[in-house]
Amino acid sequence: MAKLFRAVIMGPPGSGKGTISERIAQRFGLTRLSSGDFIRENIAANTDAGVLAKTYIERGLLVPDHVMTRLLLPRLEEMTRHSWLMDGFPRTLAQAEALNSTCDLDLVISLNIPYETLKERLSDRWIHPASGRVYNMGFNPPHVQGRDDISGEPLIQQDDDKPEALVARLRHYKDVAKPIIDLYKSKGILHTFSGTETDRIWPYINSLLSTKIPSTSQTDTQCIPMP
Ligand SMILES: Nc1nc2c(ncn2[C@@H]2O[C@H](COP(=O)(O)OP(=O)(O)OP(=O)(O)O)[C@@H](O)[C@H]2O)c(=O)[nH]1
Ligand SMILES: Nc1ncnc2c1ncn2[C@@H]1O[C@H](COP(=O)(O)OP(=O)(O)O)[C@@H](O)[C@H]1O
């Protein structure tokens, strides 16, 4: 029986997690999971955890660990028959430990991108808020300027992509990511990719995953329910 594959992608804001996750999902047929999308779904559906999460996001804060794990771990437990790639979780050491006790991760991709590159990209980033689709006016512009390719709805620029907010976001990322990265390094599953262009990093990620991902996904039970 082929083994399932579970991976996490980490990196500072603007490092290309979303862009690369999309390519991995398409190329290798993994289910793409995003903590941000999952929170937005819960907010839209008015679940208890979604209502609570919204009060933090509105203040520009991270959602507390216990709310995040309550939202996400049951979802992962439903995914016992799927190979997946997670973007946006874990974001703290406590989340990484909770994930550890639920799932055996096969691989962690960490993106290491220079600050100047991040600043440039984010000041050029436009998103479609309802779907989370991202565009970059130079790198991957929408077909029609200012409009989402699929829905045709208007694109917006997020406040926290502005340079002032970005410095604080990047500093915060460094502080909280370090212990998580150390944890995955010590488990021998961390793979770090450095560079300024997604198109140049992608071939390395592609060839690494080609050696690691089983050709078919079959039933397995790598995730165990939390006690
Ligand atoms: N110029 C350029 N832009 C890129 C490249 N790779 C990604 N982008 C763009 O940079 C922006 C950030 O990429 P994302 O994939 O959203 O990055 P992320 O790590 O998911 O960002 P967060 O959601 O903030 O954590 C988007 O507008 C992308 O289209 C690249 O190699 N060159
Ligand atoms: N793992 C997480 N832990 C805590 N809060 C999270 C997590 N993932 C997402 N969030 C919250 O949801 C918001 C939106 O997430 P996301 O779509 O990943 O966007 P961003 O790249 O702006 O952080 C975050 O700004 C944060 O408040």
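Not measured: the values here are computed from a predicted model.

## Considerations on the site of ligand 1
As a structural note, the neighbourhood of ligand 1 is formed by 18 residues, with Lys17, Gly18, Thr19, Asn140 and Thr198 the closest of them. Separating an oxygen atom of ligand 1 from a side-chain N or O atom of Lys17 is a distance of 2.6 Å. Here Arg169 contributes a side-chain N or O atom positioned 3.4 Å from an oxygen atom of ligand 1. Protein chains bury 85% of the 660 Å² of accessible surface belonging to ligand 1 in isolation. Considering only residue class, the shell around ligand 1 consists of five nonpolar, eight polar and five charged.

## Here we look at the nonpolar core
One finds Met10, Trp84, Met86, Leu99, Leu105, Val108 and Tyr184 to be the most contacted residues of the largest nonpolar core, which totals 32 residues. Elements represented by at least two residues in this core include exactly β1 (6-10), α2 (35-44), α3 (48-57), α4 (65-77), β3 (84-87), α5 (93-100) and α7 (163-186). In contact with Trp84, not counting residues within four places along its chain, are Phe5, Arg6, Ala7, Leu30, Thr31, Leu33, Leu76, Met79, Cys103 and Leu105. Counting residues in each nonpolar core, the second largest holds 23 residues, with Phe5, Leu85, Ile109 and Ile113 among its members.

## A word on the sheet that holds strand β7 (residues 190-194)
Reading across the sheet, the five strands line up as β2-β3-β1-β4-β7 and stay open at both edges, with parallel pairing between neighbours. Of all the strands in the sheet, just β2 (31-34) and β7 have a single pairing partner and so form its edges. Between one strand axis and the next, the sheet turns through 20 degrees on average, direction left out of account. Taken together, the four bridges between β1 and β3 define a ladder with parallel strand orientation. Note on β3: the bridge partner recorded for Arg6 is Trp84. Against the sheet, α2 touches β2 and β3, its axis set at about 70 degrees to β2. Contacts from α7 reach β1, β4 (107-112) and β7, with the element oriented near 150 degrees to β1.

## Details of the side chain of Gln95
In this fold, Gln95 is placed in helix α5. If we skip the residues at most four places from it in the chain, Gln95 touches Val63, Asp65, Met68, Phe89 and Pro90.

## Describing the packing of α4 against α5
Orientation of α4 relative to α5, taken along the N-to-C sense of each, is 30 degrees, at an axis distance of 10 Å. Taken together, the axis directions place α4 and α5 in an arrangement best described as roughly parallel. Where α4 crosses over α5, the handedness of that crossing is right-handed. Here Asp65, Met68, Thr69, Leu73 and Leu76 of α4 lie close against α5, whose contacting residues are Ala94, Gln95, Ala98 and Leu99. Here the residues of the contact of α4 with α5 sort into six nonpolar, two polar and one charged.

## Here's the deal with the UniProt feature "binding site: AMP" (unreviewed entry) in the chain
Taking the numbering used here, the UniProt-annotated feature "binding site: AMP" (unreviewed entry) corresponds to Ser35, Arg40, Leu61, Leu62, Val63, Gly88, Phe89, Pro90, Arg91, Gln95 and Arg169. Among the structural elements, Leu61 can be located in the loop between α3 and α4. Using a relative accessible area of 42% as the deciding quantity, one classes Leu61 as partly exposed. Assessed through its relative accessible area of 3%, Gln95 is described here as buried.

## Here's the deal with the pattern of salt bridges
On inspection of all chains with the given rule, the structure shows nine salt bridges. The partner of Arg75 in a salt bridge is Glu41, and the shortest N-O contact between them spans 3.8 Å. Residue Arg75 is located in helix α4, and its partner Glu41 is located in helix α2; the two are separated by 34 residues in the primary sequence. On the accessibility criterion, Arg75 (26% relative accessible area) is partly exposed. What makes Glu41 partly exposed here is its relative accessible area of 45%. The partner of Lys178 in a salt bridge is Asp182, and the shortest N-O contact between them spans 2.9 Å.

What counts and how
Residues numbered from 1 in each chain as written. Chains lettered and ligands numbered in written order. Predicted model: local features only at pLDDT ≥ 70, side-chain atom pairs only at ≥ 80, totals over all residues. Heavy atoms only, no water. Near = heavy atom within 4 Å. Polar contact = N/O pair within 3.5 Å; in protein donor to acceptor, adjacent residues only side chain to side chain. Areas by Shrake-Rupley, 256 points an atom, 1.4 Å probe, with all protein chains shown as cover. Nonpolar A, V, L, I, M, F, W, Y, C, P; charged D, E, K, R; others polar. Core = buried A, V, L, I, M, F, W, Y, C linked by side-chain atoms within 4.5 Å. Buried < 20%, exposed > 50% of the residue type's maximum accessible area, 1.4 Å probe, protein only. Helix = DSSP H or I, 4+ residues; strand = E, 2+ residues; numbered from the N terminus. Contact = heavy atoms within 4.5 Å. Pairing = 2+ DSSP bridges. Axes fitted to C-alpha atoms, helices over the stretch in contact; angles between N-to-C directions. Parallel < 35°, antiparallel > 145°, perpendicular 65-115°, else oblique. Left-handed = near helix turned anticlockwise from the far one by under 90°. UniProt positions renumbered as here; feature names shortened; annotations may be inferred. Salt bridge = Lys/Arg side-chain N within 4 Å of Asp/Glu carboxyl O.

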